[in-house]
Amino acid sequence: MQLDLVIRGGTVVTAGDSVVCDVGIRDGRVAALADRLPGAREEIDATGKLVMPGGVDAHCHIDEPAYRGVKVADDFASGTIAAACGGTTTILSFACQAKGETLRSVVEAHHKKAEGKAVIDYGFHLIVTDPHPGLLGQELPALIEDGYCSLKIFMTYDGYMLEDRQILETLDAARRHNALVMVHAENGHCIHWLSHGLTSEGRHGLENFTKAAPMAVEREATHRAIALAEIVGTEILIVHVSGREAVEQIRWAQARGHKVLAETCPQYLFTTENDIARPGWEGAKFACSPPPRDADNVPVLWRGLADGTFQVFSSDHCPYRADGPGKSHPTEAPRFDHIAVGVPGIETRLPLLFSAGCGGGRLTPQQFVALTATNPARIYGLYPRKGTIAVGGDADIAIWDPDRDVEIRHERLHDAAGYTPYEGMRVRGWPIQTLSRGVSLWRDGRVTAERGRGQFLRRRRPA
Ligand code: DUC
Ligand code: ZN
Ligand code: ZN
């Protein structure tokens, strides 16, 4: 049978290998990998280029309800277009339960938001804020069965934070039904107490943002989450790990054989606490939670990416508009305890890691693919349909020019945040074409994606 498309002569990089070959695509799937494939209806010359699995961004916030009155800027159109332009072909975003809401109603609302808009395939993690017996006993198992096999819980934030007993019960329900719990590990009581101390002394400036959430707050919660998971006997994934002391806890647990997975994100490699302390509202553009640490922490995270302590590198794209509430105000000065917490990064995630990681000799191209596509696909129940280039899998492919020199400027990006924390940074390597199920979405600087073509992904974790 004739192929629909052949990507010819590129270096195909997977988590295991790097080989020059042709990739044949039929009906949206990879149909053949060979030294030399016969002609197809359409051909792409990838000589001198890298042909990599489209990225799987397992942590991004798209069209979520407002938090502290501020909504993220991206809907499923702008968010997924930006993802595709940065080489990502699958996203997992969050369906977040407000107290009193059923998880099912939240999931249905998120489906409506994505339908007609998403240009790449997507799935939803569940955010559980109210783990009452009915939710854990009936609703959650039914949703896991329906393909939502991961949930996030918070150890901080009013309205989100779970107490230890609730965490134990949630972990146990997840264990029984083979779902993975992602943990936001910061001790909310400590943050409250520290924030209160700072504000009662009139210290409101953004340089206090990190002082209210120091490393010990994250280290303690990371250790506690690990201990609670150990007691329940289940696996957890610690999201958005910011620095050395949390890494030490994770390594400690992994060395003892506990099933602890971990994720870090671009903002912890490419920004520091000094950025949040920039004058005026400028610092708010870099504020995320946990906060980036000092520069000494950055090599520790790189080492963790290279040595397997981290399995996943996600964007934690959380795009509040630079000129909107929480990131700016025409007259008032920013307060560290009132700003919007989160930074955009869905389009720059892969080029930043590729350039500094592979270009900087810190990661092999195989490790890059593993961290950004294959491992998240495996961990979140998408593999082998997503996350690799293999016969039978979806033809989700990013063709990279490894030598393209790009100065990151928000005017070239496609999200709706109106800024990037990485403005002015130079990277070497950028995806020049992105294909989702064999359909080109982004080529030579032009978006050709049809809105609404993205499909919901029912996920199931391997037993
Ligand atoms: N946690 C996230 O995962 N994203 C943004 C803010 C936060 O606290
Ligand atoms: Zn979080
Ligand atoms: Zn997040």
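Source: prediction; values computed, not measured.

**As for the coordination of the zinc ion (ligand 2)**
Protein-derived ligands of the zinc ion (ligand 2) are Lys152 (NZ), His184 (ND1) and His240 (NE2), with the metal-ligand distances lying across 2.1 to 2.2 Å. Every donor residue of the zinc ion (ligand 2) comes from the same chain, spaced as K-x31-H-x55-H. Taken as an interatomic distance, the gap from the zinc ion (ligand 2) to the zinc ion (ligand 3) is 4.3 Å. Of the two residues, Lys152 sits in strand β9 (residues 150-154) while His184 sits in strand β10 (residues 180-184), which places them 32 residues apart along the sequence.

**Digging into the packing of aromatic side chains**
Summed over the entire model, instances satisfying the criterion amount to 16 aromatic pairs. On the basis of an interplanar angle of 50° and a centroid distance of 5.7 Å, the ring pair of Tyr122 and Phe124 is categorised as tilted. Pair check on accessibility: Tyr122 and Phe124 agree, each one buried. Relative to Tyr422, the ring of Phe270 has its centre 6.4 Å away and its plane inclined at 85°; by these criteria the two rings are edge-to-face. Of the two residues, Phe270 sits in helix α8 (residues 266-270) while Tyr422 sits in the loop between β14 (397-407) and β15 (426-436), which places them 152 residues apart along the sequence. Like Tyr422, Phe270 is buried.

**A closer look at the coordination of the zinc ion (ligand 3)**
Around the zinc ion (ligand 3), the protein contributes the donor atoms His59 (NE2), His61 (NE2) and Asp316 (OD), at 1.9 to 2.0 Å from the metal centre. Of note, the zinc ion (ligand 3) draws all its donor residues from one chain, in the sequence arrangement H-x1-H-x254-D.

**Some words on the pattern of salt bridges**
All chains considered together, the criterion is met by 35 salt bridges. One salt bridge in this structure joins Asp121 and Arg385, with 3.9 Å as the shortest N-O distance. Within this pair, whereas Asp121 is found in strand β8 (residues 121-127), its partner Arg385 is found in the loop between α12 (365-379) and β14, the two being separated by 264 residues in sequence. The closest approach of N and O atoms between Asp396 and Lys386, which form a salt bridge, is 2.8 Å. Highlighted residues: Asp396 in the loop between α12 and β14 and Lys386 in the loop between α12 and β14, separated in sequence by 10 residues. Comparing Asp396 with Lys386 shows no difference in burial state: the two are buried. Here the salt bridges do not stand alone but share partners, grouping Asp121, Arg385, Lys386, Asp394, Asp396 and Arg437 into one network.

**A closer look at the pairing of strand β16 (residues 439-443)**
As judged from the four bridges shared by β15 and β16, these two strands associate in the antiparallel manner. Following the sheet pairing, Leu435 is matched in β16 by Ser440. Linkage of β15 to β16, two consecutive antiparallel strands, is achieved through a turn of two residues, within which Arg437 is found at a positive phi near 45°. Where β16 meets strand β17 (residues 446-447), two bridges bridge the pair, whose relative direction is antiparallel. Directly across from Arg443, in β17, lies its bridge partner Arg446. Counted along the chain from β16 to the antiparallel partner β17, the turn is two residues long, and its residue Asp444 has a positive phi close to 45°.

**Some details on helix α10 (residues 297-307)**
Turn by turn, an α-helix covers 3.6 residues, leaving residues three or four places apart pointing in a common direction. Taken residue by residue, α10 has Asn297, Val298, Val300, Leu301, Trp302, Gly304 and Leu305 as its buried positions. Positive phi appears at Gly308, one or two residues downstream of α10, with a value of about 90°.

**Considerations on the packing of helix α4 (residues 164-177) against helix α6 (residues 215-232)**
Interhelical geometry of α4 versus α6 gives an angle of 50° and a closest axis separation of 9 Å. Judged by the inter-axis angle, α4 sits oblique to α6. Judged by the twist between their axes, the crossing of α4 over α6 is right-handed. Taking contact as the criterion, the partners of Asp164, Ile167, Leu168, Leu171, Asp172 and Arg175 in α4 are, on α6, Arg224, Leu228, Ala229, Ile231 and Val232. Looking at the contact of α4 with α6, its residues break down into seven nonpolar, no polar and four charged.

**As for the sheet that holds β9**
The strands that make up a sheet pair up through hydrogen bonds in the backbone, lying either parallel or antiparallel. Overall, parallel pairing links the eight strands, which are arranged β6-β7-β8-β9-β10-β11-β12-β13 in an open sheet. Two strands close off the open sheet at either side, each with one partner strand: β6 (55-60) and β13 (312-313). In this structure, strand β11 (residues 236-238) lies alongside strand β12 (residues 260-264), joined through three bridges in parallel fashion. Considered in β12, the bridge of Ile238 is made with Ala262. Seen against the sheet, helix α1 (residues 76-85) touches β7 (88-96) and β8 and runs at an angle of roughly 145° to β7. Helix α11 (residues 349-359) contacts β6, β7 and β13 of the sheet and is inclined by roughly 115° relative to β6.

Each value, and the rule that gives it
- Residues numbered from 1 in each chain as written.
- Chains lettered and ligands numbered in written order.
- Predicted model: local features only at pLDDT ≥ 70, side-chain atom pairs only at ≥ 80, totals over all residues.
- Heavy atoms only, no water.
- Donors = N, O, S within 2.8 Å, 3.2 Å for Na, K, Ca; no water.
- Helix = DSSP H or I, 4+ residues; strand = E, 2+ residues; numbered from the N terminus.
- Phe/Tyr/Trp six-rings, centres within 6.5 Å; stacked < 30°, edge-to-face > 60°.
- Buried < 20%, exposed > 50% of the residue type's maximum accessible area, 1.4 Å probe, protein only.
- Salt bridge = Lys/Arg side-chain N within 4 Å of Asp/Glu carboxyl O.
- Pairing = 2+ DSSP bridges.
- Axes fitted to C-alpha atoms, helices over the stretch in contact; angles between N-to-C directions.
- Parallel < 35°, antiparallel > 145°, perpendicular 65-115°, else oblique.
- Left-handed = near helix turned anticlockwise from the far one by under 90°.
- Contact = heavy atoms within 4.5 Å.
- Nonpolar A, V, L, I, M, F, W, Y, C, P; charged D, E, K, R; others polar.

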